[in-house]
Amino acid sequence: MDAPAGIKAEPTQARLAREYKHTSPLLGCRVDPSGKCVFAGAQDNRVLRWELETGKKTALSGHKSWVRGLAFAGKYLLSGDYHGRLLWWPLDAGDGAPEPARNIEAHAGALQALAVSPNGQLVTTGGNDGVVRLWSVADGTLVHELPGHEEPVWNVAFHPDGKQLVSADHKGVVKVWDVAGGKARRDLDASALYKYDTKFRAAGGGVRSLVFSADGSRLLAAGAINWTNTLGGICNPGAVLFDWASGKQVQLLLAKEAFTGPMWGAAWHSAGFWVGTGLGPAVAGGGGALWFWKGDQGPAFHTVKLPQGGRDLSLLPDGLRLAVAHADGAVRLYDLAAKAAMP
Amino acid sequence: MTHSSCCPSHEHRRSRRRFLAGVSAGTLGVLGFRSLAAPAVAAQLAGAQKRVLLVWLSGALSQLESWDPKPGAETGGPYRAIPTMVPGLHISELLPHTARQAHRLAVLRSASTGVADHVLGRTLMQTGRRLDPAQSYPHLGPALFHALGHPRESPLPGHVHMLTGDFGDAGREVAFLGPERAALVLPEGKPPANLHRPGDISAQADQQRRELRDRLDNQFRQKRPGVADTKAYALSFDQAAQLMQQRQLFDTDGEPTRSRDRYGSTDFGRQCLLARRLLERGVTFVEVTHANYDSHTDNFEFHRQKLGEFDQPFAALIDDLHQRGLLASTLVVVMSEFGRTPKINLALGRDHWAAAWSLVAAGCGLRGGVVLGKTNADGTAVTERPVSAGQLFHTWFRALGLNPTENYRVNERPIPVADPNATAIQEILA
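Note that the coordinates shown come from a computational prediction; the quantities given were computed from them, not determined experimentally.

## Quick notes on the overall build of chain B
Then step 1. Along the backbone of chain B there are 13 helices and 16 strands.
Then step 2. With 430 residues in all, chain B has 58% of them scored as buried.
Then step 3. In chain B, once contacts between residues fewer than 6 apart in sequence are set aside, the share between residues at least 24 apart is 76%.
Then step 4. For chain B, the accessible surface area stands at approximately 17100 Å², while carbon and sulfur atoms represent 52% of it.

Below you can see the structure in the form of C-alpha cells.
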C-alpha cells in the first residue's frame, strides 16, 4: 500500500500520534498487511491485537511463554515463543479472539525469531538450540533443518527474491542459506555486535534485528557495539550494513547523540532510509529513541526521543506511520509526515 | 596479630607448620598423585577426613532461573521448569544435568538475608553475621579449615580458592585466624606460577638455599623469644616447595579424555575437575568462584550463558564425588551474596534481592532430595521456613560434626564461632 499521492514520509516530522496500552511489557510487534491492526507479543505470554482506528484490544491466548517473533502469512499470523512453540492464528476469525489453528514444537528452548517467505508459503524460525528450520505454512511440516550455527540464533530474514534466507546468531555470525536446497552458501561477519566481557565473564551480543532493503541490495544487522559492561547493559546502539552482492560491510550505522543501550528493532523505509529503535538500561537512565539513517550514510541524521524504551517496530503499509512496541507495555504509533499532510 | 584458639575438633590442633615441615621426600614418593587418585584410596580418605567445596556464584544467581522457578507468573521469566530425580521437585530448564543429581541435593528456597549489596552480602553469607566494623570474623574457608584441620599426610594447602573475577576477599577473610589459614588463591583456577625449579638451580643448590633460610629463621626467632612470629613466612616457602612437587595435580589435561569430557571444555568445567582432584587429595576447603551473575540487563540471556557453563560440570562433580565415596564426607554448598529481584526491569534484567532467594547444598551431614521452605506465587516473599545467614552458617558446622557454639579465644577474649543468636536448620541435617 503506497502513501496517498503527494504525501511523503519525513523523519524530521516524526512525532507521537497515539498509544495502545497493555499491562505487560511487549517484546515484538507487526502491523498487518491491511494496515488496520497492530499485533504485539508480550511477556504475559499473550499476543495482543489492537484495531488502530478504534483502539479495541483483543488478547490471544495459546502461548505458554514470552512471545517475540511475529509474521504474517496469507490468512494467518504466525507467532513464536520462548518455549520453542510456533502458533498459527487465523486472521479471518472476526472480532473475537481466535484459537490457534496450529501449534507445533519448532525448537528445543526459546524460539527467538521467525520470518515468512515473500510468497507466503514458507516460514523460517531460529532459536536457542542454534538451529534454523524451514516449515510449510500450509501444513506445518518441516521442509529443511539448517544446522551450522554454534550459538543461539537471534534472527532470521528472507531475501526479497525468496530464494535465499539469512540467519544471525549471538556472536554476529550471519549465515546465508539456499531456500530450495537447504544448503549453507556463505557467512557474513556482524561480529562488531559481539563482545566477550573479560571483567564480568559474560558475552554481550545478539543480532536483534535483521532486515533487507526492498530491492535486496542491502542487509542490516542491528544490535549493540562498544560493550563495556555487559551485565549492566553499557553499550551503544549499532547496526552493520552489508552489501548483499559482495557480502562486505559498507557501513556501521550509529546513533547521532550519545545513547546507552542496544538497538532492538529496525526497518527499511521505501523512501530510502533505515529506522531503528532501542532502549537503555535503568542504570543509564532508561529511555528509548528512534534513529533514522539515509541509505548507506553512517551517523543517524535524525533522532526522536521516546517516552519509553523501544523493543521492536513495524511500518504501516502506507509508510506514513510507525508502530513501536515498548518495554512499558504500550504500542505507540508515530506519524512520519507533516501534521497537515497526514490523511 | 597472633591468637590462641579452642575449637571442638581435635584435628585442628595439629600444627600445619609442623605437618608441612614433616612431609619427607620419601612420603611424597609414596603418596604420588596416581595412588591417591584411585577411588579405593579416595574412599579411605573419605572415612578419615571431612572436606568442604564452596561454589560461589558471584554477582548473585537468580533463584527464578535456577532453584525456584515460577513459570507462568508475571515474575517468572520465559523459561520452563523441568522435573528432577526427586518427585515433585522442579528446577529451571537451564539445569538439566543438575536435575539428574537432585536426589543428592538439599534445595533451600527460603533464604531471607536482608543484605543486597555485593560486598556486604558476601561477608554476611561467608561469616553468618552482618559486617561489624568493630570485629572481623573468619569466612567459611579459614573458619572450616581451622575447625576441621588438615591431614598430616597431605602435601597440599588446606584452603584453595579458584578465583574468577574481581570479587575476592583480598586476605580479609581470615580475620584473627592468621595468614596460615588464608587461601592459596589460584586466579582463574590456573596452576600456581613457576611450578618448575629454574633450570640453572640444581636440586642440591635449592636444598642448600632452603636450609640456609631455615637457619636464618631460627636465629631470628631465637633472638626475639616470644615476639617473632615467622610461621606464616616460613609456611609460604614450605607450601611453595610442596606445590612444586605436586605440579602434576594441577594438570587436568592428564585426566582421561572421558573424564574431562564429562566436565566440558569451559574454564568452570576445568576448575570443577581440579576441585575434585584437590578434594580427593585431601584439601580441606576448596572454593570455586563462578562469575558473573549480576545481570541487571538481559538476565535471561546471561543466565542461559552462565548456567550453561555451570550445569554440566557441577553435575559431573557431584556424581564423581558420590561415585568415589567422597560425597558423604564432603560438604558441598552452592550460593551467592543474595538473589535477584522477581520483578523484571525494562531492560529485561533482574536487580538485587535478598528477601527471598535460594541456594543448594549436598553431601556430608545433609539429607539429599529435600526441599526446605517456600516462596509466594510471584517469588517476592518467603511464606514458609525463612532461613537466615546465621542459621546457614550454623548448619554448615553441624553438618560437618562441628559445634558452632564454641568460642575462639583471641588474646584470651572469647569470640563465638557462629552468631550466638542463630541455630542450625535441623530439617536438612542427616
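## Here we look at the packing of helix α6 (residues 118-127) of chain B against helix α13 (residues 389-399) of chain B
All names here are of chain B.
Then step 1. Where α6 contacts α13, the axes come no closer than 7 Å and their chain directions differ by 40°. Comparing the axis directions of α6 and α13 gives the class oblique. On the side of α6, the interface is formed by L124, M125, Q126 and T127, while α13 contributes A389, L392 and F393.

## As for the sheet that holds strand β16 (residues 173-178) of chain A
Residues and elements named next belong to chain A.
Then step 1. Spatially, four strands are ordered β14-β15-β16-β17 in an open sheet, and the strand pairing comes out antiparallel. Taken across any chain shown, the strands that pair with only one partner, and hence form the sheet edges, are β14 (153-158) and β17 (183-189). Adjacent strand axes in the sheet meet at a mean angle of 25°, parallel and antiparallel pairs treated alike.
Then step 2. Here strand β15 (residues 164-169) pairs with β16 via five bridges, running antiparallel. Each bridged residue has a counterpart across the sheet, and for S167 the counterpart in β16 is K175.

## Details of the nonpolar core
Residue and element names in this part refer to chain B.
Then step 1. Counting residues in each nonpolar core, the largest one holds 61 residues, and the members touching the most others are L53, L278, V286, F310 and V332.
Then step 2. A total of eight residues in this core trace back to one element, the largest contributor, which is helix α12 (residues 299-323).
Then step 3. Among residues more than four places away in sequence, those in contact with V286 are V52, L53, L54, V160, M162, A275, L278 and L279.
Then step 4. The next biggest cluster of nonpolar side chains, apart from the first, holds 49 residues, and it includes A143, F285, L331 and M335.

## Examining the interface of chain B and chain A
Interface size is commonly expressed as the accessible surface area that is lost when the partners come together.
Then step 1. Residue-level contacts link 27 residues of chain B with 31 residues of chain A.
Then step 2. Of the roughly 2300 Å² buried between chain B and chain A, counting both surfaces, carbon and sulfur atoms make up 55%.
Then step 3. Of all residues in chain B, P78, R80 and L346 of chain B bury the most surface against chain A, accounting for 24% of the area lost on that side.
Then step 4. If you look at where chain B meets chain A, you find two salt bridges.
Then step 5. Among the salt bridges present, the one from R201 of chain A reaches E188 of chain B, with a minimum N-O distance of 2.6 Å.
Then step 6. The tally of links from chain B across to chain A stands at 14 residue pairs in polar contact (both at pLDDT 80 or more).
Then step 7. With six residues, α12 of chain B is the largest single contributor of residues to the side of chain B that touches chain A.
Then step 8. Partitioning the side of chain B that touches chain A into residue classes produces nine nonpolar, nine polar and nine charged.

## Quick notes on the pattern of salt bridges
Then step 1. Inspection of every chain in the model, using the stated rule, returns 34 salt bridges over all chains.
Then step 2. Across the salt bridge formed by R208 of chain A and D298 of chain B, the nearest N and O atoms sit 3.0 Å from each other. Taken together, the positions of R208 of chain A in the loop between β19 (202-204) and β20 (209-212) and D298 of chain B in the loop between β7 (285-291) and α12 put the pair across two chains.
Then step 3. Classification of R208 of chain A as buried rests on a relative accessible area of 3%.
Then step 4. Ionic pairing is found between R109 of chain B and D68 of chain B, a salt bridge with its closest N-O pair at 3.7 Å. Taken together, the positions of R109 of chain B in strand β4 (residues 105-111) and D68 of chain B in the loop between β1 (51-58) and β2 (81-83) put the pair 41 residues apart, joining distant regions of the chain.

About the criteria used
- Residues numbered from 1 in each chain as written.
- Chains lettered and ligands numbered in written order.
- Predicted model: local features only at pLDDT ≥ 70, side-chain atom pairs only at ≥ 80, totals over all residues.
- Heavy atoms only, no water.
- Helix = DSSP H or I, 4+ residues; strand = E, 2+ residues; numbered from the N terminus.
- Buried < 20%, exposed > 50% of the residue type's maximum accessible area, 1.4 Å probe, protein only.
- Contact = heavy atoms within 4.5 Å.
- Areas by Shrake-Rupley, 256 points an atom, 1.4 Å probe, with all protein chains shown as cover.
- Axes fitted to C-alpha atoms, helices over the stretch in contact; angles between N-to-C directions.
- Parallel < 35°, antiparallel > 145°, perpendicular 65-115°, else oblique.
- Pairing = 2+ DSSP bridges.
- Core = buried A, V, L, I, M, F, W, Y, C linked by side-chain atoms within 4.5 Å.
- Buried area = accessible area lost by both parts, 1.4 Å probe.
- Salt bridge = Lys/Arg side-chain N within 4 Å of Asp/Glu carboxyl O.
- Polar contact = N/O pair within 3.5 Å; in protein donor to acceptor, adjacent residues only side chain to side chain.
- Nonpolar A, V, L, I, M, F, W, Y, C, P; charged D, E, K, R; others polar.

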